[in-house]
Amino acid sequence: EAGVTQFPSHSVIEKGQTVTLRCDPISGHDNLYWYRRVMGKEIKFLLHFVKESKQDESGMPNNRFLAERTGGTYSTLKVQPAELEDSGVYFCASSPRGIGYTFGSGTRLTVV
Amino acid sequence: EDQVTQSPEALRLQEGESSSLNCSYTVSGLRGLFWYRQDPGKGPEFLFTLYSAGEEKEKERLKATLTKKESFLHITAPKPEDSATYLCAVRKGSQGNLIFGKGTKLSVKP
C-alpha cells in the first residue's frame, strides 16, 4: 500500500509569491488533514476534509491560505501571497475513519 | 485551554540505559492519546493509541501507559536506532484533529 505522498518536498519562495502544496492520501481514505510545524513550535492542525468537504478549518491562520480537495482524492494547499511567518513544515495525514492517521513526509516551505 | 506538554525536551541515554518520557495533558473530551516517532526529514510515524486510564501497550522496547492526566513512554534497554523525536498528541471530541506536544528528542549513544 502506497503511503501519503506530498510534494514538493522543499520549496523556497520570495515574500509575496504564491505556492501550492499537494498531498496524495492513501487510496480509499476519506479523511485528509493538513498540519503545520513552525520552527520551535509544536505541530498544529490546519484543516480537515471528509471526502471533498471541509469538515473543520478552524486552524487555518488567515484568508491567504486556501485548501481544496478535488473529487475527494488529492488535496492542495495554496498560500497567496506568502509571508515570512508562513515558513515551516506542512504535513498532510490521511485516515480511513478519522481515528488512525498516516502522515506524509511533509513539505518544507521557506519564505525569504 | 487544551494543552499537551512533553518532558524532557531532550534526553541523552547510553545504549541499554532505560528511561521514560512524559506527556501531560489538559483537554476535555479526550478521545485518544497518540504516540508518534519522527525521524529527521520524515513525517510522524504511528506507535500507539491509548484510550482509557490504566491502559498499556507495548512494542519491542517501547511501552506506553496512560493515566487521567498524563502518559509515559518507557524505553527499555534502548539502542542507537531508537534515536528520534517522540511526539505525543491527543484527539479531542469527534473532530478528528490532533493536538500535539513539542516532542522529546531522544539520543542513544553506543
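Residues numbered from 1 in each chain as written. Chains lettered and ligands numbered in written order. Predicted model: local features only at pLDDT ≥ 70, side-chain atom pairs only at ≥ 80, totals over all residues. Heavy atoms only, no water.

Novice: Sorry if this is basic, but what is going on with the pattern of salt bridges here?
Specialist: Two side chains that carry opposite charge are able to pair once their charged atoms sit near each other. Residue and element names in this part refer to chain B. The final tally for this structure, using the stated rule, is 9 salt bridges over all chains. A salt bridge links K63 to E56; its shortest N-O distance comes to 3.3 Å. Note that D82 is salt-bridged to R61, the shortest N-O span being 2.8 Å. A residue pair is termed long-range when its members are at least 10 positions apart, and D82 in the loop between β8 (70-75) and β9 (84-92) and R61 in the loop between β6 (56-59) and β7 (62-66) qualify at 21 residues. The exposure class assigned to R61 is partly exposed, which follows from its relative accessible area of 21%. (Salt bridge = Lys/Arg side-chain N within 4 Å of Asp/Glu carboxyl O. Helix = DSSP H or I, 4+ residues; strand = E, 2+ residues; numbered from the N terminus. Buried < 20%, exposed > 50% of the residue type's maximum accessible area, 1.4 Å probe, protein only.)

Novice: Sorry if this is basic, but what is going on with the state of the cysteines here?
Specialist: Each disulfide consists of a covalent bond between the sulfur atoms of two cysteine residues. Residues and elements named next belong to chain A. Applying the stated criterion across every chain yields a total of 2 disulfides over all chains. C23 shares a disulfide with C92; S-S distance 1.8 Å. For the disulfide bridge between C23 and C92, the dihedral angle about the S-S bond is near -65 degrees, and by the sign convention the bridge is left-handed. Of this pair, C23 sits in strand β3 (residues 19-24) while C92 is found in strand β9 (residues 88-95), placing the two residues 69 residues apart along the sequence. For the pair C23 and C92, a shared accessibility class is recorded, and that class is buried. (Disulfide = S-S within 2.5 Å.)

Novice: I'm lost on the interface of chain B and chain A in this one. Help?
Specialist: A common way to express how large an interface is: the accessible area buried when the components associate. Contacts between the two partners involve 18 residues from chain B and, on the opposite side, 17 residues from chain A. Taken together, the two surfaces of chain B and chain A that pack against each other cover about 1400 Å², and 53% of this comes from carbon and sulfur. The tally of links from chain B across to chain A stands at 0 salt bridges. The interface formed by chain B and chain A contains 3 residue pairs in polar contact (both at pLDDT 80 or more). Secondary structure elements with two or more residues in the side of chain B that touches chain A: β4 (30-38), β9 and β10 (98-100) of chain B. Tallying contributions element by element places β4 of chain B first for the side of chain B that touches chain A, with 3 residues. The residue inventory of the side of chain B that touches chain A, partitioned by class, reads 8 nonpolar, 7 polar and 3 charged. (Contact = heavy atoms within 4.5 Å. Buried area = accessible area lost by both parts, 1.4 Å probe. Polar contact = N/O pair within 3.5 Å; in protein donor to acceptor, adjacent residues only side chain to side chain. Nonpolar A, V, L, I, M, F, W, Y, C, P; charged D, E, K, R; others polar.)

Note that every value here comes from positions in space, so none of it alone points to a role or purpose.
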